[in-house]
Amino acid sequence: MSNHFFNAVRAAMPEKDRRFADGPGCAGITYGDMLSATGRLANGLVSLGLKPGDRLAAQTEKCLPALLLYLACVRAGLVYLPLNSAYTRAELDYFLADAEPGLLVCDPDRAGNPSMRALTLDGQGQGSLMDLADSQSEHFSDVLRQEDDLAAILYTSGTTGRSKGAMLTHGNLLSNAQTLADAWRFTQADVLLHALPIHHSHGLFVATNTVLMAGAAMLFLPRFEADLVLDHLRGATVMMGVPTFYTRLLAHPRLNADATRHMRLFISGSAPLLAETHRQWQEKTGHAILERYGLTESNMNSSNPYDGERRPGSVGFPLPGVSLRIDGGEVGMIEVKGPNVSKGYWRNEEKTKAEFKEDGYFITGDLGRIDEDGYVHIVGRAKDLVISGGFNVYPKEVENEIDALPGVLESAVFGVAHPDFGEGVTAAVVPKAGTNWDEAALLDALKERLARFKLPKKLILIDELPRNAMGKVQKNLLRLRFKDLYAR
Ligand code: AMP
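It should be emphasised that the depicted structure is a prediction, and the values quoted were computed from it without experimental measurement.

**Here we look at empty space enclosed by the protein**
Considering all chains together, one arrives at 2 cavities of 30 Å³ or more under this definition. Considered as a void within the structure, the largest cavity measures approximately 270 Å³ in volume. Around the largest cavity, the lining comprises 18 residues; the ones closest to its centre are Tyr87, Tyr155, Thr156, His199 and His200. Among the secondary structure elements, those contributing two or more residues to the lining of the largest cavity are strand E7 (150-156) and strand E21 (391-393). Element by element, the count of residues in the lining of the largest cavity is highest for E7, at 3 residues. Among the residues making up the lining of the largest cavity, the classes are represented as 8 nonpolar, 9 polar and 1 charged. Taken as a whole, the second largest cavity holds about 40 Å³ of empty space.

Shown next, in the form of structure tokens:
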């Protein structure tokens, strides 16, 4: 026994015939099945010559084998690099060049990148990866990994438009998973309704690792749909979601106290949950949503209490073992330090230096305050990040693509309150003199260049961008001017 993270998974594991995960459209598996399937996958990966520390990039649809691939990488000492399936080919090329993975696992539709060794895995969990695994032994001796060794790299976009890979160690994942399982009182009796994507920290680590640390089970849905969730909620005890899940469920006629009476806990994170949504949810279901706060780079930093007041509009208290401070007065930059925080950005010392203080604190980029009772509140983002439906969209990257279109002079991308997505990506666009304005044509052209979640919901024709004396675009004025754009 020698693998820092997987040792703990084994230690927490219930009887092998206990359920691990199942759901509509996927064959259910027990903990014993999980062990043998990840053993076969790990043997298959090693047979390809992949060595401890090598990266494995995965751009797949959500399915159980894709989740097992993550665990197989952990067991084989590989560094797992999950990528949103919405990323275009050009975006994928950037990640591959930066991370230099030894293998890409992707949907058959996306195979055929000549510069890259690739195996396939489709949405049904079939493909050459599984063919390889099927021919392998289920017995695999976990590769020695220490606390400080990398388990995963998760890319988060940068304000300059270039993505940075947050390096997450075995110790990061393990400490946070144990803390969360404890804080949220997970036990073997729990069944987590999993409707989140698994290429992001929320669905991959917060959800899955917490379940594993408790020996609990998962009801694995291919995606979030209010109907699908309500069809399966009966079989669950806990749900984790982004705020959009809650607003959509609230709008559904089948959501009521009866449908949720048996539930133990609803958790929200990845974007601000409106206090109003919190109240409406409590009114309709009787449950107070537990809101927590984290980042890809730090895993989870704070959480509302399991016992005690879950304060609407607040992200709760720093988690045990996490030091959280506000730099710069009553409202200031939130900085965090602890075993949860990543050790920096992959091959990017400059960014690592810029975002970590000398005393080891990570600068989150979020502005916050701590109230008189110790609850942390996020008041805004220092960077101009837009969070739409729980996904981060970095304006600069979208602006670069818009500006490259024929007939466009310049643009400014910003977030506007949106009843469904939390924030809607919005672009003010200044056309070149003499060009005809055609919003639909511009949006069509952007679809080729940007993942769907990054596409502006609206392009606004504007004569000139508001600028301050230093020539900087004043996005605050744009936000103010168009604040009711998506109001119902
Ligand atoms: P990501 O790295 O994709 O997980 O995004 C991290 C960012 O999401 C943080 O820096 C916050 O701005 C935001 N975030 C996450 N959880 C919350 C929350 N509960 N309330 C407000 N913002 C949040």
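**A look at the packing of helix H1 (residues 4-12) against helix H3 (residues 64-76)**
Where H1 meets H3, the axes come as close as 7 Å, and the angle between the chain directions of the two elements is 115 degrees. Read as a crossing pair, H1 and H3 show a hand that is left-handed. Residue-level contacts link Phe5, Phe6 and Arg10 of H1 to Tyr70, Leu71, Val74 and Arg75 of H3. Broken down by class, the residue content of the contact of H1 with H3 amounts to 5 nonpolar, no polar and 2 charged.

**Looking at the environment of Ala27**
Relative to the helices and strands, Ala27 resides in strand E2 (residues 26-30). Measuring from C-alpha to C-alpha, the distance between Ala27 and Ile289 comes to 31 Å, with 262 residues separating the pair along the chain. The contact partners of Ala27, leaving out residues within four places of it in the chain, are Ala21 and Leu64.

**A closer look at the environment of Glu355**
Take Glu355: it is sitting in helix H12 (residues 349-355). Note: C-alpha distance between Glu355 and Glu335 (20 residues apart in sequence) is 9.7 Å. A distance of 3.2 Å separates polar atoms of two side chains, one belonging to Glu355 and the other to Lys164. Polar side-chain contacts of Glu355 include one of 2.8 Å to the side chain of Tyr345.

**Considering the side chain of His278**
Here His278 shows up in helix H11 (residues 275-285). Other than its neighbours up to four places away in sequence, His278 contacts Leu273, Ala288, Ile289, Arg310 and Pro312.

**Concerning the packing of H1 against helix H6 (residues 170-183)**
Running from N to C, H1 and H6 point in directions that differ by 30 degrees, and their axes come no closer than 8 Å. On the basis of their axis angle, the class for H1 and H6 is roughly parallel. Across the interface between the two elements, His4, Phe5 and Ala8 of H1 pack against His170, Gly171, Leu173, Leu174 and Gln178 of H6. Grouping the constituent residues of the contact of H1 with H6 by class yields 4 nonpolar, 4 polar and no charged.

**With respect to the site of the ligand**
As a matter of local geometry, the ligand sits amid 16 residues, with His200, Glu291, Arg292, Thr296 and Asp366 nearest to it. Between the ligand and His200, the relevant distance is 2.8 Å, taken from an oxygen atom to a side-chain nitrogen or oxygen of the residue. At 2.8 Å from a nitrogen atom of the ligand is found a main-chain nitrogen or oxygen belonging to Arg292. Contact with the protein chains removes 95% of the 490 Å² of surface that the ligand exposes when unbound. Secondary structure elements with two or more residues in the shell around the ligand: strand E13 (290-295) and strand E19 (376-381). A per-element tally of the shell around the ligand places E13 first, with 5 residues.

**Side note on the layout of surface pockets**
Reported here for the second largest pocket is a volume of approximately 1100 Å³. As for the second largest pocket, its lining consists of 37 residues, and the residues nearest its centre are Pro197, His199, Arg223, Phe391 and Phe453. Per-element tally for the lining of the second largest pocket: the top contributor is helix H9 (residues 243-250), with 3 residues. Its residues assigned to classes, the lining of the second largest pocket comprises 18 nonpolar, 13 polar and 6 charged.

How each quantity is defined
Residues numbered from 1 in each chain as written. Predicted model: local features only at pLDDT ≥ 70, side-chain atom pairs only at ≥ 80, totals over all residues. Heavy atoms only, no water. 1 Å grid on protein atoms, 1.4 Å probe; cavity = no way out; pocket = protein on both sides within 12 Å on 5 of 7 lines; lining within 4 Å. Points joined across faces, edges and corners; volume = space filled by probe spheres on them. Helix = DSSP H or I, 4+ residues; strand = E, 2+ residues; numbered from the N terminus. Nonpolar A, V, L, I, M, F, W, Y, C, P; charged D, E, K, R; others polar. Axes fitted to C-alpha atoms, helices over the stretch in contact; angles between N-to-C directions. Left-handed = near helix turned anticlockwise from the far one by under 90°. Contact = heavy atoms within 4.5 Å. Polar contact = N/O pair within 3.5 Å; in protein donor to acceptor, adjacent residues only side chain to side chain. Parallel < 35°, antiparallel > 145°, perpendicular 65-115°, else oblique. Near = heavy atom within 4 Å. Areas by Shrake-Rupley, 256 points an atom, 1.4 Å probe, with all protein chains shown as cover.

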